[in-house]
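# Analysis of the macromolecular model
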Amino acid sequence: MKCEICKEKIQETFLEKIKGTFFKKKAICSNCQRKYTKEEILEKI
Ligand SMILES: [Zn+2]
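Structure report, in brief.

Reading the values: rules and limits
- Residues numbered from 1 in each chain as written.
- Predicted model: local features only at pLDDT ≥ 70, side-chain atom pairs only at ≥ 80, totals over all residues.
- Heavy atoms only, no water.
- Donors = N, O, S within 2.8 Å, 3.2 Å for Na, K, Ca; no water.
- Tetrahedral: all angles 85-135°; square planar, octahedral: opposite > 155°, others 65-115°.
- Helix = DSSP H or I, 4+ residues; strand = E, 2+ residues; numbered from the N terminus.
- Buried < 20%, exposed > 50% of the residue type's maximum accessible area, 1.4 Å probe, protein only.

For the zinc ion, the protein coordination sphere consists of C3 (SG), C6 (SG), C29 (SG) and C32 (SG), at 2.3 Å. Note that the zinc ion binds 4 donor atoms; their angles at the metal cover 104 to 113 degrees, and the shape is tetrahedral. All donor residues of the zinc ion come from one chain, and their arrangement in sequence is C-x2-C-x22-C-x2-C. Of the two residues, C3 sits in the segment before β1 (20-23) while C32 sits in helix α1 (residues 30-35), which places them 29 residues apart along the sequence. Under the relative-accessibility criterion, C32 is labelled buried at 3%.

In structure tokens form, the structure reads like this:
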């Protein structure tokens, strides 16, 4: 699973939940969530 914005690999927990979130079914890492607003993320993906 890779972040749609920075292309960094997103770590997955043992429960197979990613440390990030999904916008429009695309994975966004927690770093990018902190860095960008929701509107900016939606523009980038
Ligand atoms: Zn990212």
